[in-house]
Amino acid sequence: PLSKLFRIESEFHMLKNRSQGVRVRESMKALGLLPYDAFRSFNSKQTGQLSPEEVWGALEFLGLKDLTPKDIFGFIEAADKNADGNIDYMEFLDILRDPNAKEGEDQLDDDDTKSGKELKELKVVQPKGAKELKAYQDTELKEEGQHQEREMAEAKME
């Protein structure tokens, strides 16, 4: 959607986030995980939403290595349609979809009734990076605050 274009830093970041979505989809397929089972496995807190820590744990579980807090927040920003800082199940499905697929083509099996696994049998993927993510957020908020202060000061000078 067009709104994502204005929220994401650059076309490069948009491409990077989309490629991460493809890697997640392919890794899930290789592991034989249906989207619903994967989401339940990644959602260790059972809130119905993936927090940044759960996203980091999930991405590493699926083989994406050398991630930074900026990568995690970029991935979430690309998926997070309601801008709540988390990824719900529908947003999770959306980030996994192939944007070039033909209309009506079934890319994902998101029917949870086809899942043969019980929740207790699924491996719960542990969240990762709480401290790093918090430190990054604090730094970003501080820098954003300083930027806003500079803009306000410049506006007053005009």
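Refer to the preceding data block for the structure.
Okay, so let's go over this structure. From a predicted model like this one, the values you see are computed outputs, not experimental measurements.

1. A look at the side chain of Ser41
Summarising the element assignment, Ser41 is placed in helix α3 (residues 35-42). Look at Ser41 and you get buried, because its relative accessible area is 4%. Apart from the residues lying within four places of it in its own chain, the contact partners of Ser41 are Leu122, Lys123, Val124 and Val125.

2. Let's talk about the nonpolar core
Met28, Phe42, Val55, Leu59, Ile72, Ile87 and Phe92 are the most contacted members of the largest nonpolar core, which has 28 residues in total. Secondary-structure elements contributing two or more residues to this core are α2 (11-31), α3, α4 (52-61), α5 (69-79) and α6 (89-96). With 6 residues, the single largest contributor to this core is α5. Val55 has contacts with Leu50, Ile72, Phe75, Ile76 and Ile87, leaving out every residue within four places of it along the chain.

3. Some remarks on the environment of Ile95
With respect to the element layout, Ile95 can be found in helix α6. Measuring from C-alpha to C-alpha, the distance between Ile95 and Gln20 comes to 9.0 Å, with 75 residues separating the pair along the chain. Apart from residues lying up to four places away in sequence, Ile95 is in contact with Arg18, Gly21, Phe75, Ala78 and Ala79.

4. Here we look at the pattern of salt bridges
Applying the stated rule across the entire model yields 7 salt bridges. As a salt-bridge pair, Arg25 and Glu26 come within 3.8 Å of each other at their nearest N and O atoms. A relative accessible area of 12% places Arg25 in the buried class. Under the relative-accessibility criterion, Glu26 is labelled partly exposed at 39%. What you see here is one network of salt bridges that share partners, running through Arg25, Glu26 and Lys29.

5. So, the packing of aromatic side chains
The final tally for this structure, using the stated rule, is 6 aromatic pairs. For the pair Tyr36 and Tyr89, a centre-to-centre distance of 5.7 Å together with 90° between the ring planes defines the contact as edge-to-face. Of this pair, Tyr36 sits in helix α3 while Tyr89 sits in helix α6; the two residues are 53 residues apart in sequence, bridging distant segments of the chain. An angle of 75° between the planes, with centres 5.4 Å apart, marks the rings of Phe39 and Tyr89 as edge-to-face. A residue pair is termed long-range when its members are at least 10 positions apart, and Phe39 in helix α3 and Tyr89 in helix α6 qualify at 50 residues. Among the aromatic side chains, those forming a connected cluster through ring pairs are Tyr36, Phe39, Phe42, Phe61, Tyr89 and Phe92.

What counts and how
Residues numbered from 1 in each chain as written. Predicted model: local features only at pLDDT ≥ 70, side-chain atom pairs only at ≥ 80, totals over all residues. Heavy atoms only, no water. Helix = DSSP H or I, 4+ residues; strand = E, 2+ residues; numbered from the N terminus. Buried < 20%, exposed > 50% of the residue type's maximum accessible area, 1.4 Å probe, protein only. Contact = heavy atoms within 4.5 Å. Core = buried A, V, L, I, M, F, W, Y, C linked by side-chain atoms within 4.5 Å. Salt bridge = Lys/Arg side-chain N within 4 Å of Asp/Glu carboxyl O. Phe/Tyr/Trp six-rings, centres within 6.5 Å; stacked < 30°, edge-to-face > 60°.

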